[in-house]
Amino acid sequence: MRRLEEAALDASTCTRCRLSQGRTQVVYGVGDPNADLMFIGEAPGFHEDKQGEPFVGAAGQLLNQLLSEIGISRQDVYINNVILCRPPGNRDPLPDELDACKPWLDERIAIIDPAVVVTLGNWATRYILGRQVSISRVRGQRFPWSSRTVIPTFHPAAVLHGGGQASNQMTALRADFQEIRAALAERPQPAEEQLGLF
Ligand code: URA
């Protein structure tokens, strides 16, 4: 398997779909290439497209805050999106754009090999679980997914638009981050894996 930097370099010139025509740059992902915890959002927005890094706007600030509340820093996780390029006007990605980007995401997941994958919002959750679920029904639950644990939660942007820090959604998001912390603490440790205990 190739290294993450090689995959990112390759993706930086991707023209597999029409989104390549309107982007400033490909927004590949950010964080620890060996992270045990990966976050998957929807698609880059205005700021992400300009800066080339996912979750750098208001939603990213909230994500950083939630991480720090459970004692984890942004540098220790890997953050990326289902789609590498900003859709015009932040519209929803189209089915053929999702299909075109899928091999890039599959490869990132295979290289980074996270134990816990957190899907942010309906889009990423449906995409990863492969089902038309509603985020309010599945959030905070653990789903086994090819030797990993998927935990869906609300998209931070939805919480910001839906009432902010004092809202019920924010309370739910905080509870889900506690679940993320618990799932990480319970993951098989490398030494245990080597001993064949898992
Ligand atoms: N929303 C997303 O889903 N991804 C980003 O990178 C920023 C905002």
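These remarks concern the structure in this document.

Another point: the site of the ligand. Surveying the vicinity of the ligand reveals the residues Gly41, Glu42, Ala43, Glu48, Pro54, Phe55, Asn81 and His155. Within the backbone of Glu42, an N or O atom sits 2.8 Å from an oxygen atom of the ligand. Residue composition of the shell around the ligand, grouped by class: 3 nonpolar, 3 polar and 2 charged.

Time to look at the pairing of strand 6 (residues 148-153). Taken across its 6 residues, strand 6 has 5 buried, putting it largely inside the fold. Two elements, strand 4 (residues 116-120) and strand 6, share 5 bridges in a ladder whose sense is parallel. Following the sheet pairing, Leu120 is matched in strand 6 by Thr153. Where strand 5 (residues 143-145) and strand 6 come together, 3 bridges link them in antiparallel fashion. Among the inter-strand pairings, Pro144 is bridged to a residue of strand 6, identified as Thr149. Linking two consecutive strands that pair antiparallel, namely strand 5 and strand 6, is a turn of 2 residues; a positive phi of about 35° is found at Ser146 within it.

How each quantity is defined
- Residues numbered from 1 in each chain as written.
- Predicted model: local features only at pLDDT ≥ 70, side-chain atom pairs only at ≥ 80, totals over all residues.
- Heavy atoms only, no water.
- Near = heavy atom within 4 Å.
- Polar contact = N/O pair within 3.5 Å; in protein donor to acceptor, adjacent residues only side chain to side chain.
- Nonpolar A, V, L, I, M, F, W, Y, C, P; charged D, E, K, R; others polar.
- Buried < 20%, exposed > 50% of the residue type's maximum accessible area, 1.4 Å probe, protein only.
- Helix = DSSP H or I, 4+ residues; strand = E, 2+ residues; numbered from the N terminus.
- Pairing = 2+ DSSP bridges.

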